Amino acid sequence: MKSTFLGLTTAILTAVGAAHAQDASSGNAEAGAVVFKRCMACHKVGPDARNGVGPVLNGVVGRAAGVNPDYSYSAANKNSGLTWDEPTLTTYLRAPRKLVPGTKMTFAGLSKDQEIADVIAYLKQFNAQGQVAP
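No experiment lies behind these values; they were computed from the predicted model shown.

(A) Main features of helix 6 (residues 113–124). Its 12 residues place the ends of helix 6 17 Å apart at the C-alpha level, agreeing with the 16 Å of an ideal helix rising 1.5 Å per residue. Among the 12 residues of helix 6, nine are classified as buried, and the element is accordingly described as predominantly covered.

(B) How the structure looks around the nonpolar core. Counting residues in each nonpolar core, the largest one holds 21 residues, and the members touching the most others are Phe-36, Val-45, Leu-57, Trp-84, Val-119, Tyr-122 and Leu-123. No other element matches the five residues that helix 6 contributes to this core. Here Val-45 is in contact with Phe-36, Leu-57, Asn-58, Tyr-122, Leu-123 and Phe-126, once residues within four sequence places are set aside.

(C) Highlighting the packing of helix 4 (residues 86–94) against helix 6. Where helix 4 contacts helix 6, the axes come no closer than 10 Å and their chain directions differ by 125°. As far as their axial angle goes, helix 6 and helix 4 are oblique. The way helix 4 lies across helix 6 gives a crossing that is right-handed. Touching Glu-86, Leu-89, Thr-90, Leu-93 and Arg-94 of helix 4 are Asp-113, Ile-116, Val-119, Ile-120 and Lys-124, all from helix 6. Here the contact of helix 4 with helix 6 is composed, by residue class, of five nonpolar, one polar and four charged.

(D) Broad picture of the packing of aromatic side chains. Within this structure, the stated rule accounts for four aromatic pairs. Plain terms: the ring middles of Phe-36 and Tyr-122 are 5.3 Å apart, the flat faces sit at 45° to each other, and that makes the pair tilted. Taken together, the positions of Phe-36 in helix 2 (residues 29–36) and Tyr-122 in helix 6 put the pair 86 residues apart, joining distant regions of the chain. For the residue pair Phe-36 and Tyr-122, the accessibility class agrees, reading buried in each case. The interplanar angle of 75° and the centroid separation of 4.8 Å between the aromatic rings of Tyr-71 and Tyr-73 together place this pair among those described as edge-to-face.

Quick notes on the rules
- Throughout, residues of each chain are indexed from 1 in the direction in which the sequence is written.
- Reporting in this predicted model follows two pLDDT cut-offs: at least 70 for local features of residues, and 80 or more for side-chain atom pairs to be given and counted; totals over whole chains, interfaces and linings ignore these cut-offs and use all residues.
- Each side-chain value is derived from all of the structure's non-hydrogen atoms; neither hydrogens nor water enter the calculation.
- Think of it this way: any DSSP run of H or I at least four residues long counts as a helix, any run of E at least two long counts as a strand, and we number them from the N terminus.
- Expected helix span is taken as 1.5 Å per residue step, with the number of steps being one fewer than the number of residues.
- Burial classes follow relative accessibility: with a 1.4 Å probe on protein chains only, a residue under 20% of its type's maximum area counts as buried, one over 50% as exposed, and anything between as partly exposed.
- Nine residue types can take part in a nonpolar core, namely buried Ala, Val, Leu, Ile, Met, Phe, Trp, Tyr and Cys, and a core is a set of them joined through side-chain atoms within 4.5 Å.
- By the convention used here, residues are in contact when the closest approach between their heavy atoms is within 4.5 Å.
- Angles here are taken between N-to-C directions and fall from 0 to 180 degrees, while the axes themselves are lines fitted to C-alpha atoms, restricted in helices to the stretch in contact.
- Between 65 and 115 degrees an angle is taken as roughly perpendicular, under 35 as roughly parallel, over 145 as roughly antiparallel, and anywhere else as oblique.
- If you view the pair so one helix is near and one far, a crossing is left-handed when the near helix is turned anticlockwise from the far one by less than a right angle, and right-handed when it is turned clockwise.
- Gly is placed with the polar residues, together with every amino acid not listed as nonpolar (Ala, Val, Leu, Ile, Met, Phe, Trp, Tyr, Cys and Pro) or charged (Asp, Glu, Lys and Arg).
- Planes of paired rings set the category: under 30 degrees apart is stacked, over 60 is edge-to-face and the rest tilted, where pairs are Phe, Tyr or Trp rings (Trp by its six-membered ring) whose centres lie within 6.5 Å.

Worth remembering: the numbers are spatial, not functional.
Structure follows, in structure tokens:
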């Protein structure tokens, strides 16, 4: 009886944990727009976006790191060999200087999985020209 209860409890906790992980990985672009306001001191997106302290992030999801020709990246970023896919962005947005030591990005990172997923969902909307993809 105890082992059946323990097995059932373990199965339920595993299912709930997996569902939570799946929810956190599926971001909400609308919520991401709100979180992205923290990034806007340095980064812009959209058709009229211009580089500032940080590069424009149009089309960033899926792009190689350090390749925007109009931005002066750190050597660490240019030579990182990274591609900004969702797993890499997730790691980077949590702790930029840990993934790319020597990066110019001074932001400490986002600590909440859902906020990271939401920002990535928001950024995924924008193509390289800053248009929101259908």
